[in-house]
Amino acid sequence: MPTTTHRTRFLDHRIPSLYAGRYALAVEQKIDTVAPLPARDQRFDVRTQRFALGDSEVQACYPVPGGVGKYSQLLPHITLDTPGLPWAMLPAGEDDGSPWMFLLVFREGELPDDPHAIGEVTVSTVAQLLRGQAGPGKPPAIDTDSLLDGEAEMACRSIHIPADLFTKLRPTFAEAALLAHLREGGRPDADHVRGADPEPNLDECNAVVVANRFPAATAARHVAHLVTVEGFEPYLRDTAAPSEGLRMVSLHTWTFETLDDNGIGFGDLVANLAAEPDLQLCLPVPPGELDADARQRIQGGATVLPQRLESGERTIAFYRGPFTATPAQPLPPPREPRLDSGGEALIYLKQSGVFDSGYASAFSLGRTVALADAPFRNRLLEFRKAARRAARRAAAHPELIAGRAVSEAGAALHESRVRTAFDHLLESRLPLALARSGAELATAPRRPAAAAVRGNGALSALSADALRVTVSDTHTRAVLRSAVREQLDPVQEWLNRLAALQMVPFDHLVPDPRMLPPESIRFFYVDPGWVRAAVDGALSVGVGHALDEDLNELAAAVPDPPACGVLIRSLLVPNWPRTRYTAFHGETELEPLHRAMFGSNVLMLLYPDTLDTFTIAEAPQGIHFGIGDLHTIDLRKLSGVVGEYIEEFPDPPGFGKFLRPSHDVLDVEGALVPALAAAHELPTLSPAQFALQMFKAPQLQTFARS
């Protein structure tokens, strides 16, 4: 299985050396021998983005701003570039580790000033906000004397949250602390020693603030606001929100839209695919209804179809395409290494009294596909014409290929015999002729043309048997392939695609829809005998005599067909197009030889070797937090091999027990964290430990050959 060499660590928080605010440093010196020296006060400010957050501070938001999708199982979150930003200020009355910001998610119709959840906010100065001039809702109780230089006139954005809505959504300080953490990622870390904990590199750390509310499972718009707690500390404890509601500072906002979620997700679909007991591509056979031979054929991938014999009679026959549920039996070596007609491939089953038409159908299919492709037919005829010419020349002039390398001999067959003879005349006989006198040349006797023809064995007629004997020689066939390479290459390219099953219709691959029902996955082998029969059928087009059949062998040397493959018929195919399908033979990952879609929901993958393991994985994504399709999370180790999967949580599945009575809000402090801590036999969890448990990795389903 492939492994990753990246390291990701979750850290609880980053406590600053000094929290943001105003400070006074008093210096006093006393020397016993002299009068007291005057005291000196030094004032300084520690600043942070208190009322506004620059866009450059936000690294990412999820769901992505403007995104449309099914997000009902994910907790929205925001990633900040400054690692210590959520802890830069300390809320009044709280201990170290309490963030001064948290993330709230609202739906359409909840915010009175933004009923359509499009991100509308009220813009005012900080001074106007604190004086209650920004709009309805109680403003934050912030002492104006605490404002730093320039902050009073700074522009800020605020939202009005009704009292009852705030009460339902607000996190407690303990929950806000658990929903904020540091994440360290960055470079590949292949040499990192597992179990070692080096100091975090702040250049590779980001702050993450997670919402406590799931988006709706129905179509709806949502708006997320990163708000500050400053001035509202009592309302995150036990104090009831004021009746007029709260006007809170929104540091950052974005919107997204959910689609109707029928509750069936990636995890449900792949789990359903793996739930079937038999994943071989064959029909189910009820016990006791068929004889042993018929049962074996059906279990091997055959079905029964109507058949019309050459005599016109109607009957039934077994048919199996190139895909088999078990490895196909190798065919016995025939007297001729090819099929010349579909009838030769019919297999009569005496016990059943019917034919097995699989190979005959393959031959007919190959012939039909070739006849339907006019460019291929023309190239096939051109190849045979060139091959016949080269074969005749090889038979008439064996000296051209005897003792020569294949490429050299192939080039010699292309040479013009007339031009070669003329060149020989110029080199050997012309100097002698020029030395003779003109009279001798004029009176020289001339050989009759007929005699020349009769005396030249190279020009005498060649028998068909002699040509076939010539073509049967292994070296000669190699020379002929080299001689006609220009005409042969496009023919072989077409045949290679046929051998890879790229031209075979789906109903020939899966002849009975019951073999591949809806929401199913099937594994199969590929029968090389079926593929060879289809190639023979294609090469049978335009054959005029036995020599053409022999010359077909020059083109029939196609690569080995795929060894096996996978068929998936599922909503997974159209709805999760970025799904990763990975196959392994032992520890070696296999690349598919061919990938094809049939309709909108059937995917076929063909591989060059048998599969030992096959995985279906959700598309890689950024780090998300939430629950799986079965409403569970992956319980992960908090010691030893930190992050390693333990089991599904909870058991039985269902996250409803960890939600507040309404609004899909997590009861983090009162229900979820105590249950997770108990599962780990701990008193409680830290923010980093909680983030590790809620981490939602891409889901993976593995199929292994037993």
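Further up the page is the structure itself.
Description of the structure in this document. Computed from a prediction, not measured in an experiment: that's the story for all the values here. (Residues numbered from 1 in each chain as written. Predicted model: local features only at pLDDT ≥ 70, side-chain atom pairs only at ≥ 80, totals over all residues. Heavy atoms only, no water.)

### Let's talk about the overall build of the protein chain
In step 1: Helix and strand content of the protein chain: 20 helices and 30 strands.
In step 2: Expressed as a percentage of the 706 residues in the protein chain, the buried residues total 46%.
In step 3: Accessible area of the protein chain: about 35,700 Å², with a carbon and sulfur share of 53%. (Helix = DSSP H or I, 4+ residues; strand = E, 2+ residues; numbered from the N terminus. Buried < 20%, exposed > 50% of the residue type's maximum accessible area, 1.4 Å probe, protein only. Areas by Shrake-Rupley, 256 points an atom, 1.4 Å probe, with all protein chains shown as cover.)

### Focus: the sheet that holds strand S20 (residues 564-569)
In step 1: Taken in spatial order, the 5 strands make up an open sheet running S16-S19-S20-S24-S23, and their pairing is antiparallel. Each edge of the open sheet carries a strand with a single partner, namely strand S16 (323-324) and strand S23 (594-598).
In step 2: Where S20 and strand S24 (residues 602-607) come together, 6 bridges link them in antiparallel fashion. Residue pairing across strands places valine 566 opposite leucine 605, the latter belonging to S24. (Pairing = 2+ DSSP bridges.)

### Here's the deal with helix H7 (residues 374-396)
In step 1: Between its first and last C-alpha atoms H7 spans 33 Å; for 23 residues at 1.5 Å apiece the expected length is 33 Å, and the two agree.
In step 2: All of the buried residues along H7 are Phe376, Leu380, Phe383, Arg384, Ala386, Ala387, Arg388, Ala390, Ala391, Ala394 and Ala395. (Expected span 1.5 Å × (residues − 1).)

### Observations regarding unusual backbone geometry
In step 1: That bond from tyrosine 62 to proline 63 is cis: its omega, -5°, falls within 30 degrees of zero.
In step 2: Note on placement: proline 63 falls in the loop between strand S4 (58-62) and strand S5 (68-69).
In step 3: At glutamate 519, a position not held by glycine, the phi torsion is positive, near 55°.
In step 4: Positive phi, close to 60°, is recorded for histidine 631, a residue that is not glycine.
In step 5: Looking at the secondary structure, you find histidine 631 in the loop between strand S26 (624-625) and strand S27 (633-636).

### A short note on the sheet that holds strand S1 (residues 9-11)
In step 1: Across the sheet, which stays open at both edges, the 5 strands sit in the order S1-S10-S11-S6-S4 with antiparallel pairing between neighbours. What marks the edges here is a single partner per strand, and that holds for S1 and S4. The average angle at which neighbouring strand axes cross in this sheet is 25°, direction not considered.
In step 2: Looking at chain direction, S4 and strand S6 (residues 77-80) are connected through 4 bridges and run antiparallel. In the strand pairing of S6, cysteine 61 is matched with isoleucine 78.
In step 3: Its contacts with the sheet place helix H20 (residues 687-694) against S1 and strand S10 (180-184), and it is angled at close to 140° to S1. (Axes fitted to C-alpha atoms, helices over the stretch in contact; angles between N-to-C directions. Contact = heavy atoms within 4.5 Å.)

### Concerning the packing of H7 against helix H14 (residues 485-499)
In step 1: The geometry of H7 relative to H14 is characterised by a closest axis approach of 8 Å and an angle of 135° between their N-to-C directions. When the axes of H7 and H14 are compared, the pair comes out oblique. The handedness of the crossing between H7 and H14 is left-handed. Packed against H7, whose contacting residues are Phe376, Arg379, Leu380, Glu382, Phe383 and Ala386, the element H14 presents Gln487, Leu488, Pro490, Val491, Trp494 and Leu495 at the interface. (Parallel < 35°, antiparallel > 145°, perpendicular 65-115°, else oblique. Left-handed = near helix turned anticlockwise from the far one by under 90°.)

### Comments concerning the side chain of arginine 636
In step 1: As for its position among the elements, arginine 636 is in strand S27.
In step 2: One polar contact links the side chain of arginine 636 to the main-chain carbonyl oxygen of glycine 643, over a distance of 3.2 Å.
In step 3: In contact with arginine 636, not counting residues within four places along its chain, are Gly643, Glu644, Ile646, His680, Leu692, Gln693, Phe695 and Ala697. (Polar contact = N/O pair within 3.5 Å; in protein donor to acceptor, adjacent residues only side chain to side chain.)

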